[in-house]
Amino acid sequence: MASVELKNVTKVYDNQVVAVKEASLEIKDREFAVLVGPSGCGKSTLLRMIAGLEEISEGEILIDGKTVNDVPPKNRDIAMVFQNYALYPHMTVFDNMAFGLKLRHLPKTEIKQRVMEAAEILHIKDYLDRKPKALSGGQRQRVAVGRAIVRKPKVFLFDEPLSNLDAKLRVQMRIEINRLYNRLNTTMIYVTHDQVEAMTMGTKIVVLKDGVIQQVDSPLNLYNNPVNQFVAGFMGSPAMNFICGEIQQNGDVQFISELLKFEIPEPVLNKLKDYNRKSILLGVRPENVLLANSVSGDIYSVPQKIAVDVVEPIGNEIFLYFRDSKQNYCMRMPPEHIYACGDTIEVVLNLSKIYFFDSETGYRLA
């Protein structure tokens, strides 16, 4: 197994488009790192540079402590699983999985042993004589993963491997890859634009935007302690609510917006002392907007009346949407509460779970 380290890695294409900018990252041996971000953020480019499929413009990439900038892909001892499976259509499943081993001139007995072991792990032993066209999408993806497993590489790379699958199959394959990671106990780097995949799979998450790494942390720390508005809004489904308002100090210190008005709790006052009469963003997740009659105590804001704009029942919970003159906001409700569009309800915010962001820079203040 191996660690992977990036030191100020930059990728600039011929048209001067900067795909990745000064990315520095350390992925330890046996970590499961997930690169996540919106389309075009540079995550796949970063993965391809680690694989050696893209040349880096600046910086240094190390695998197992050795610089690999000029090492060809076949000599980096990595295995990559692609989004489109990349299977040979004229070969059987067995031959697809064995192809790389044959190129390395391994003995036939060892090749068969490795393929059978991988097929057993991935539950595809019954399909070894079939060709890819006779397989479902999920089965093809298992074959692609199996082809990587048999090589026993130092590092596994996954480039959005589940994006072509339907929702139910994505969940199943997500569990399979997690199980595979726990069984192989190896280093994995996984690219996805789906933050649910990132939260449920990675031991370390790397959030990218416009080619720049925004934050590197564990899933729970990313969710609970985002460093800026982008990370806070990207991680979580439904997304965090951002409410534009103003800090006003008139004896007590209040946050005032078109929709809300409440006194700010003591622990965060020091962070906001320079924002009097200035615009600021309040962030609150949907689960921390609550019905006023369902809470008690002093860590909640005073009740605010809102009009329900849209109701989304999804079975085990309900999303209620409300709005001001600028945008929509969301709250997460238990399924036993039944509301209709146009209903007026009283809500409070859990003030121990709110965030403030600088409205210009996007950086978190408290």
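Refer to the structure above for everything that follows.
Cut-off values and rules
- Residues numbered from 1 in each chain as written.
- Predicted model: local features only at pLDDT ≥ 70, side-chain atom pairs only at ≥ 80, totals over all residues.
- Heavy atoms only, no water.
- Helix = DSSP H or I, 4+ residues; strand = E, 2+ residues; numbered from the N terminus.
- Buried < 20%, exposed > 50% of the residue type's maximum accessible area, 1.4 Å probe, protein only.
- Lys, Arg positive; Asp, Glu negative; His and termini not counted.
- Charge placed at Lys NZ, Arg CZ, Asp CG, Glu CD.
- Pairing = 2+ DSSP bridges.
- 1 Å grid on protein atoms, 1.4 Å probe; cavity = no way out; pocket = protein on both sides within 12 Å on 5 of 7 lines; lining within 4 Å.
- Points joined across faces, edges and corners; volume = space filled by probe spheres on them.
- Contact = heavy atoms within 4.5 Å.
- Axes fitted to C-alpha atoms, helices over the stretch in contact; angles between N-to-C directions.
- Parallel < 35°, antiparallel > 145°, perpendicular 65-115°, else oblique.
- Left-handed = near helix turned anticlockwise from the far one by under 90°.
- Nonpolar A, V, L, I, M, F, W, Y, C, P; charged D, E, K, R; others polar.

The next subject is the overall build of the protein. Of regular secondary structure, the protein possesses 8 helices and 21 strands. For the protein, the C-alpha atoms occupy an extent of roughly 80 × 45 × 35 Å along the three principal directions. For the protein, the residues scored as buried account for 49% of the 366 residues in total. On the protein, the mean spot of the 44 positive side-chain charges and the mean spot of the 44 negative ones are 8 Å from each other.

Right, let's get into the sheet that holds strand 2 (residues 18-27). In spatial order, the strands read 2-1-4-5; together these 4 strands make up an open sheet with antiparallel pairing. If you trace the sheet from one side to the other, it starts and ends with strand 2 and strand 5 (66-67), each paired once. Where strand 1 (residues 4-12) lies against strand 2, 6 bridges are found, and the strand directions are antiparallel. The partner of Val-12 across the bridge, within strand 2, is Val-18.

To continue, consider empty space enclosed by the protein. Over the atoms, a rolling probe the size of a water molecule traces out where space has been left empty. Counting across every chain of the model gives 2 cavities of 30 Å³ or more. For the largest cavity, the calculated volume is near 40 Å³. Around the largest cavity, the lining residues are Asn-241, Ile-243, Leu-260, Val-284, Val-289, Phe-322, Tyr-329, Val-347 and Leu-349. Listed by contribution, the elements that provide at least two residues to the lining of the largest cavity are strand 11 (241-250) and strand 20 (344-349).

Moving on, we come to helix 2 (residues 93-103). All of the buried residues along helix 2 are Val-93, Asn-96, Met-97, Ala-98 and Leu-101. Against helix 3 (108-122) and helix 4 (137-149) lie the buried residues of helix 2. In the stretch just after helix 2, His-105 is the one whose phi turns positive, near 60°.

Relative orientation of the contacting elements helix 4 and helix 5 (residues 167-184) amounts to 20°, with a least axis distance of 11 Å. Taken together, helix 4 and helix 5 sit at an angle that is classed as roughly parallel. Where helix 4 crosses over helix 5, the handedness of that crossing is right-handed. Note on element contacts: helix 5 touches helix 4 through Leu-169, Met-173, Glu-176, Leu-180 and Leu-184, opposite Gly-137, Gly-138, Gln-141, Arg-142, Val-145 and Ile-149. Its residues placed into classes, the contact of helix 4 with helix 5 shows 6 nonpolar, 3 polar and 2 charged.

The subject of this paragraph is unusual backbone geometry. Of note, the amide linkage connecting Ser-237 to Pro-238 takes the cis form, showing an omega dihedral of -5°. With respect to the element layout, Pro-238 can be found in the loop between helix 8 (229-234) and strand 11. The phi dihedral of Glu-160 falls on the positive side, at around 45°, and the residue is not glycine. Relative to the assigned elements, Glu-160 resides in the loop between strand 7 (155-159) and helix 5. Glu-160 sits in the buried class, given a relative accessible area of 13%.

These figures capture arrangement, not role.
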